[in-house]
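Reading the structure
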Amino acid sequence: MKIQKMVKSEVSKIPFITPDEMEQITQHILRDYGFDFVNKSEPEAIPIDELIEFHFELDILWDCIDHFDSAGLVMAAIMPGEKKIILNDTCRDLFEKKMGTMNFTMAHELGHWVLHVNDKDNLQTAMIFDDRETFFCRSWSKKPPEEYQADMFAGSLLMPKPMIQRVIAILKSQGNIQMRQLYELASLFKVSISALTVRLKQLDLLYIDASGTIYNSKSECDGQISLDM
Ligand SMILES: [Zn+2]
């Protein structure tokens, strides 16, 4: 694998994407792919590997890529010029145990392809990530903007807004939502519980505080706190 430049430099000119725009981008992809996220009676996992390999025609490969940098654990990388997504073979045990983490990581890499590769028809001359041939994604403590965007893309793609809104409305109508139900929901979407709770917070569908108490919204949590005081 040729590595032209290491990761340090900031990616320039990352366009700002609003949450609504992100929903539109990901829903457009799912519609194009023929995944019905509106009429299904139950939430269903997005076949992310199929979407990447057959719809976007990117290869997903395994390789040991953790030795290139010590700044953080490299989970995966994308080589836009070669249309390859590489999953770190060193994390294979983790990925195999945690399907949700693997799915999120693949969706995150697809996010870089969709959002950050400028000229997909002319990959040899396109300005790709400041001309970097390989872009490594790691478990940052402080994420650069393009990493936030790729995470937002992944959450939005794997848990389509109409689908998650509908199921949460049904669960709320049946009474207070329990953690057990959220674990079941995460497993239907084939995402981790943390990816699900981030998405629920982002859409303000539910709010889970540090102690794990579930509220219908952030404002309900704040109201509860002020009542307690
Ligand atoms: Zn990334």
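Residues numbered from 1 in each chain as written. Predicted model: local features only at pLDDT ≥ 70, side-chain atom pairs only at ≥ 80, totals over all residues.

1. Digging into the confidence of the model for the protein
Convention followed: On a range of 0 to 100, pLDDT expresses the predictor's confidence in each residue. Contact definition: two residues whose C-beta atoms, as placed from backbone geometry, lie within 7 Å.
Per-residue pLDDT for the protein averages 85, and the proportion of residues at 70 or more is 82%. Contacts for the low-pLDDT stretch residues 1-11, under 50 throughout, to residues beyond four places or in other chains number 18 contacts.

2. Notes on the pairing of strand β2 (residues 74-79)
Remember that side chains alternate between the two faces of the sheet whenever the strand is regular. Counted only if it meets this: As a rule, residues whose C-beta atom has 12 or fewer other C-beta atoms within 10 Å are exposed, those with 20 or more are buried, and those in between are partly exposed; C-beta atoms are placed from the backbone. A helix here means a DSSP run of H or I that spans at least four residues, while a strand means a run of E at least two residues long, and both kinds are numbered starting from the N terminus. Pairing between strands requires that DSSP locate at least two bridges from one strand to the other.
Here β2 lies mainly inside the structure; six of its six residues are buried. Pairing between β2 and strand β4 (residues 135-138): four bridges, direction antiparallel. Directly across from Ala76, in β4, lies its bridge partner Cys137. One ladder, built from four bridges, connects β2 with strand β3 (residues 84-88); its direction is antiparallel. Residue pairing across strands places Met79 opposite Lys84, the latter belonging to β3. Linking β2 to β3, which pair antiparallel, is a turn of four residues; within it Lys83 sits at a positive phi near 55 degrees.

3. Here we look at helix α1 (residues 19-33)
Defined as follows: One less than the residue count of a helix, multiplied by 1.5 Å, gives the span that helix is expected to have.
The terminal C-alpha atoms of α1 lie 21 Å apart, and with 15 residues this matches the ideal 21 Å at 1.5 Å per residue to within 8%. Gly34 sits one or two positions beyond α1 and adopts a positive phi of about 90 degrees.

4. Describing the sheet that holds β2
Rules: Angular values range over 0 to 180 degrees, each being the angle between N-to-C directions of two axes fitted as lines to C-alpha atoms, with helices fitted over their stretch in contact.
Judged by pairing direction, the sheet is mixed, and its four strands sit side by side in the order β1-β3-β2-β4 without closing on themselves. Edge positions in the sheet fall to β1 (59-63) and β4, since each of these pairs with one other strand and no more. On average, each strand axis in the sheet is inclined to that of its neighbour by 25 degrees, with strand direction left out of account. Against the sheet, helix α4 (residues 99-116) touches β1, β2, β3 and β4, its axis set at about 35 degrees to β2.

5. Some details on the environment of Met99
You can see Met99 is positioned in helix α4. C-alpha separation for the pair Met99 and Ser187, spaced 88 residues apart in sequence, amounts to 9.3 Å.

6. A few points about the packing of α1 against helix α5 (residues 145-158)
We count it as follows: Small angles under 35 degrees read as roughly parallel and large ones over 145 as roughly antiparallel, with 65 to 115 read as roughly perpendicular and the rest as oblique. In a left-handed crossing the near helix is turned counterclockwise from the far helix by less than a right angle, and in a right-handed crossing that turn is clockwise. Side-chain classes are defined by residue name, with Ala, Val, Leu, Ile, Met, Phe, Trp, Tyr, Cys and Pro counting as nonpolar, Asp, Glu, Lys and Arg as charged, and the others, Gly among them, as polar.
Closest axis-to-axis distance for the α1/α5 pair is 9 Å, and the angle between their directions is 50 degrees. In terms of axis orientation, α1 runs oblique to α5. Crossing angle aside, the handedness with which α1 passes α5 is right-handed. Contacts between α1 and α5 involve Met22, Glu23, Thr26 and Ile29 from the former and Met152, Phe153, Ser156 and Leu157 from the latter. Considered class by class, the residues forming the contact of α1 with α5 number five nonpolar, two polar and one charged.

7. Section: the nonpolar core
Generally speaking, soluble globular proteins have nonpolar side chains that are buried together. The test is simple: Core membership is restricted to buried Ala, Val, Leu, Ile, Met, Phe, Trp, Tyr and Cys residues, and these are joined into a nonpolar core through C-beta atoms within 7 Å. For the purposes of this description, domain bounds are those given by an automatic or database domain assignment.
Counting residues in hydrophobic clusters, the biggest one holds 47 residues, and the most contacted among them are Ala77, Ala107, Leu158, Val191 and Leu196. Inspection of this core shows a minimum of three residues originating in each of domain 1 (19-158) and domain 2 (162-228). Those residues within four positions of Val191 in sequence are excluded, and the remaining contacts are Gly100, Asn103, Phe104, Leu158, Met159, Ala186 and Leu196.

8. Overview of α4
Owing to its 3.6 residues per turn, the α-helix aligns residues three or four sequence positions apart on the same side. In a regular helix each residue adds 1.5 Å, so 18 residues correspond to 26 Å; α4 covers 25 Å between its end C-alpha atoms and thus fits that length. Where burial is concerned, most of α4 is hidden: 14 out of the 18 residues are buried.

9. Let's talk about the environment of Gly111
You can see Gly111 is positioned in helix α4. Residue Gly111 is classed as buried on the basis of its 26 C-beta neighbours within 10 Å. Distance from Gly111 to Glu147, taken between C-alpha atoms, is 9.2 Å for residues 36 residues apart in sequence. Those residues within four positions of Gly111 in sequence are excluded, and the remaining contacts are Gln149, Ala150, Phe153 and Ala154.

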